[in-house]
Amino acid sequence: MPQYAAVDLGSNSVRLLVAEVAPGSPHGKGNQTPKLTRLAEDRQVTRVGASVFHSGIVSPEAMTEACAVLERMRATWQKFDVLGIRAVATSATRDAGNQAEFIERASAAIGAPVEIISGQEEARLIHLGVECVWPHPKEQVLMVDVGGGSAEVIVAESGRLAAAWSRPLGSVRLQETFLQSDPPTKIELHRLREFIEEKLAVAMPRLRGRQFQRVIGTSASASAMVSAVHRITRPKRDQADRLRATTAQVRRLYKELTQKTLDERRKVTGIGPRRAEIIIPGVAVFLAILETLNLPAIHYCAAGLRDGLVADLAERRGGRDTAQLSREQKAVVEAVARRFGVDLRHARKLAEFGRGLFASLEPLHRLPPYFGKLLEAACYLYDIGHFISDTSHHKHSQYIVSNSDLAGFTDSERHLIAQLCRYHRKAMPNQRHSDFQVLGPENRRALLLLIPLLRLVDGLDRSRAQRVDSVTCDLSGADVVLRLRSNMDTDLEQWAVERVADPFRQVYQRGLAVSVSKEGR
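Since the structure is predicted, the reported quantities are computational estimates derived from the model, not experimental observations.

Asker: For the pairing of strand E6 (residues 140-146), give the residues involved together with the corresponding values.
Answerer: Working note: regular strand, side chains alternate between the two faces of the sheet. The buried fraction of E6 is high, at seven of seven residues. In E6, alternate side chains face the same way, and those of Gln140, Leu142, Val144 and Val146 on one face and Val141, Met143 and Asp145 on the other are all buried. Two elements, E6 and strand E7 (residues 151-157), share seven bridges in a ladder whose sense is antiparallel. Bridge pairing in E7 places Val146 opposite Ala151. What sits between E6 and E7 in their antiparallel hairpin is a turn of four residues.

Structure, rendered in structure tokens:
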């Protein structure tokens, strides 16, 4: 069975998971639970967030320690025959002023590119990880992950992510900002609670009144909290998985912890010596959500970001990957397109053309299926630059996409989509274009092959009147013939498609011709 590795470079700790995934979708048909077997795990507290939240940068000491841990984890994951590895950095690295240096050193240490992911992508992966291990195909579920730098609040409906918020409410961040006394004073705790409520306010209107069948807490803070409630010792903390803690129990635990010194908190069953340093703000976030929404209890789930990373890798590499956007990816790109004034009726027709051309021309381009998703995303986004200016709008489109939060896409995929938007008109890529040159060989080749397809898509609805009903490709002759089906005047569309003949020939070494037939003939 295929094996994958996931690395979570968090604000409080670094985590590694190497897992084996049974053939098939991580979601499976009918929301079937995947077969994920853990082969190796590692976790080390590095607390890179402490220096970031105090001084704005990852300190030299924290950077050195984190990279040493990553080198150790590299030796572990390289013992396995993994098909893919994805390493991500989260809240603290997002905020660090020296993130470029940190990412460069971390990537070298782990032996794979480390990607800084957004809070929305973090939430998506956490949701995927929980649903992968503990599926809820029919329920409405609230998930709360309190990490070191941020807290992700996630609404899942029938196994799908419905809404998510990432808030600066991580336990390390809050400890460094608010709790200086030992034990904390009443004024410190009051300010802490006020800050938590302020940051949660953006999500509360969307959450109040919902009937959640289950509330799930993930992360080490949730594990320690539920373990402490049930008096589960740290060597047996795996037993806390899926256990329930009532709001009253969480409230009682919080009150006890806030009255204890650090040494006393370290003696509480279920809370480790390092976790004791930051457990109070972690429990405070969970309690604030439970009380504000009048929720009766919370369950702990041991799955999280790493499981989501593995499931995501399996989806992308394990044979399930199709050339079409997933439902979640489509929702993301449509939201961005809508925000920048794109006519979605027009964009959806373009996406339909893009899917058809990618499939029909597969014998020529021979690209892996997942590049079809990127072409489809570009069909929605290549014109968003008009929102800034009609002049050089293709470059504005590139800028917007490059700097947008596209949850469900990796950094590499987002930048390739941005490059497609950049080259949907005007010059083809050349050696003077630095953004093109920094792409890897596979992505450079894919970009060159996809550009003519996107330009054809643009031409097929040039009038924006959807005059072309469908298009097929005939590859049997010397020229590639695009056969348009329509009962309307398509002179403008034909002209626009024929203009792509030169770049098409440049890339595919084939001529391009256009014919039109009436519907029904």
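There is more to say after this.
Asker: How would you sum up the environment of Val14? Please name residues and give values.
Answerer: Residue position: Val14 is located in strand E2 (residues 13-21). Sequence separation of Val14 and Met73 is 59 residues, and the distance between their C-alpha atoms is 9.3 Å. In contact with Val14, other than residues within four places in its own chain, are Val7, Asp8, Leu9, Asp42, Arg43, Gln44, Thr46, Val69, Leu70 and Met73.

Asker: Which residues make up unusual backbone geometry, and what are the values?
Answerer: A cis geometry characterises the amide bond from Asp182 onward to Pro183, with omega recorded as -5°. Residue placement: Pro183 occurs in the loop between helix H6 (171-178) and helix H7 (186-200). Positioned with a positive phi, Ser219 is a non-glycine residue whose angle comes to about 90°. Residue classification places Ser219 among the buried positions, given a relative accessible area of 16%. The residue Gln466 is not glycine, and still its phi comes out positive at about 50°. Residue placement: Gln466 occurs in the loop between helix H21 (441-460) and strand E12 (470-474).

Asker: So what's going on with the packing of aromatic side chains? Residues and values would help.
Answerer: For the structure shown, the criterion picks out four aromatic pairs. Relative to Phe195, the ring of Phe178 has its centre 5.0 Å away and its plane inclined at 50°; by these criteria the two rings are tilted. Here the residue Phe178 occupies a position in helix H6, and Phe195 occupies one in helix H7, the gap between them amounting to 17 residues. Judged by centre distance (5.2 Å) and plane angle (90°), the ring pair of Phe340 and Phe387 falls under edge-to-face. With Phe340 in the loop between helix H14 (327-339) and helix H15 (344-360) and Phe387 in the loop between helix H17 (370-381) and helix H18 (393-402), this pair connects stretches of sequence that are 47 residues apart.

Conventions and cut-offs
- Residues numbered from 1 in each chain as written.
- Predicted model: local features only at pLDDT ≥ 70, side-chain atom pairs only at ≥ 80, totals over all residues.
- Heavy atoms only, no water.
- Buried < 20%, exposed > 50% of the residue type's maximum accessible area, 1.4 Å probe, protein only.
- Helix = DSSP H or I, 4+ residues; strand = E, 2+ residues; numbered from the N terminus.
- Pairing = 2+ DSSP bridges.
- Contact = heavy atoms within 4.5 Å.
- Phe/Tyr/Trp six-rings, centres within 6.5 Å; stacked < 30°, edge-to-face > 60°.

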